Amino acid sequence: LVFPLDQDMERYILDKIEANQKTAEDGTVTQRTTYIQIRFDKDKEAVWPSVTVEYRDGQAYGVLSFVNSMVRYAGERYLNFEVLRDETTGLKIPQTAVTQKEFYVIPVDYLTKVENDTGFMKQVTGEDGTVSAQFVNCTIYYQDEENAYADPEEESFSTSQKKLNSGDLLVKTDSSDTFQVGQTSQLTGVYNINKGYTIFRRIEVLYENEEYCIVKEGTSYGLSVYDRIVLNALAVKEDQVIY
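### Here we look at unusual backbone geometry
For K44, which is not glycine, the phi torsion reads 65 degrees and is therefore positive. By the secondary structure assignment, K44 is in the loop between β4 (37–40) and β5 (46–47). Classification of K44 by relative accessible area gives exposed; the value is 58%. Of note, the phi angle at S160 is positive, near 60 degrees, even though the residue is not glycine.

### Here's the deal with the sheet that holds strand β20 (residues 205–208)
Sheet architecture is open: 3 strands sit in the order β9-β21-β20, paired in antiparallel fashion. Strands at the two margins of the open sheet, each flanked by one partner only, are β9 (91–94) and β20. In this sheet, adjacent strand axes meet at a mean angle of 30 degrees when their direction is disregarded.

### Looking at the layout of surface pockets
Of the voids in this model, the largest pocket is the one considered here, and its volume is about 500 Å³. Taken together, 18 residues line the largest pocket, and the ones lying closest to its centre are T139, Y141, D151, E154 and D239. Elements with a minimum of two residues in the lining of the largest pocket: β14 (140–143) and β19 (199–202). Among the residues forming the lining of the largest pocket, the class breakdown is 6 nonpolar, 2 polar and 10 charged. What the second largest pocket holds in volume is close to 200 Å³. Along its surface, the second largest pocket is lined by K122, Q134, F135, V136, N137, S156, T159, Q161, K162, K163 and N165.

### Quick notes on the pairing of β19
Relative to β19, strand β18 (residues 184–192) runs antiparallel, the two being bridged by 4 bridges. When the sheet's bridge partners are listed, N192 is paired in β19 with I199. Connecting β18 to the next strand, β19, in antiparallel fashion are 6 residues, including G196 with a positive phi near 95 degrees.

### A look at the pairing of strand β21 (residues 212–215)
What you see with β21 is no split at all: Y212 and I214 on one side and C213 and V215 on the other are buried throughout. In the sheet, β9 pairs with β21 via 4 bridges, with the strands oriented antiparallel. Each residue of the ladder has a partner; that of L91, found in β21, is V215. Of the pairings in the sheet, the one linking β20 to β21 comprises 3 bridges and is antiparallel in character. Opposite V205, over in β21, you have V215 as the bridge partner.

### Concerning the packing of aromatic side chains
Counted under the stated rule, the structure contains 12 aromatic pairs. Both rings, one in Y141 and one in F200, keep their centres 6.3 Å apart while their planes meet at 55 degrees; by these two values the pair is tilted. Residue Y141 is found in strand β14, and its partner F200 is found in strand β19; the two are separated by 59 residues along the sequence. For F200, a relative accessible area of 1% puts it in the buried group. Over the aromatic face of F103 sits the side chain of K101, whose NZ or CZ is 5.6 Å from the ring centroid.

What counts, and at which threshold
Residues numbered from 1 in each chain as written. Predicted model: local features only at pLDDT ≥ 70, side-chain atom pairs only at ≥ 80, totals over all residues. Heavy atoms only, no water. Helix = DSSP H or I, 4+ residues; strand = E, 2+ residues; numbered from the N terminus. Buried < 20%, exposed > 50% of the residue type's maximum accessible area, 1.4 Å probe, protein only. Pairing = 2+ DSSP bridges. Axes fitted to C-alpha atoms, helices over the stretch in contact; angles between N-to-C directions. 1 Å grid on protein atoms, 1.4 Å probe; cavity = no way out; pocket = protein on both sides within 12 Å on 5 of 7 lines; lining within 4 Å. Points joined across faces, edges and corners; volume = space filled by probe spheres on them. Nonpolar A, V, L, I, M, F, W, Y, C, P; charged D, E, K, R; others polar. Phe/Tyr/Trp six-rings, centres within 6.5 Å; stacked < 30°, edge-to-face > 60°. Lys NZ or Arg CZ within 6 Å of the ring centre and 35° of its normal.

Pasting the structure below:
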């Protein structure tokens, strides 16, 4: 969908495109997709096309590209619409790549570090009945101000036993406080394959429709531009080697 731009709208879109550029280490400027929201007068439907600017005979034109939605307007030669200046920018991924995974939810107060490893102090009972605290390093898939999210299925490489089980007691460092493992919650994410095998990465969805979603770039434990992901999350499982 192509429409003429006045100076104000031209500057508005160009500023958004420039703000969404990224410079690589070799100085190459890469273009990340910028989206704007528009609303059609015909049916008041609001959609999110990507936008670029092209020039013909000195006139600036906005070029809107759609993944879907346009079937409703295919018979129209002209369309009236309004640009809603509340755009969303980020990484565009297909809905088929999105999956959910269950995690243990543990207060961040119980996180501890031993040398370069992050994990928890788990209360264990020896064969003689002696109770002690044992450090268990765990992969943290997401962390906010209150909680850390650990994988219930993560196993120890040396014993092949799960690092954490429902009912385990965690001990807070320099305290007698304990927390019982068991509360779970789902995180939304994709399978990253940068290392040749599938690794779950959490995503923050900014906008979505039936075919794709726009996710926030550069989040902690998330995705960045140039990351490689599995396009069909249902076709793989975590830690699966991708040939």
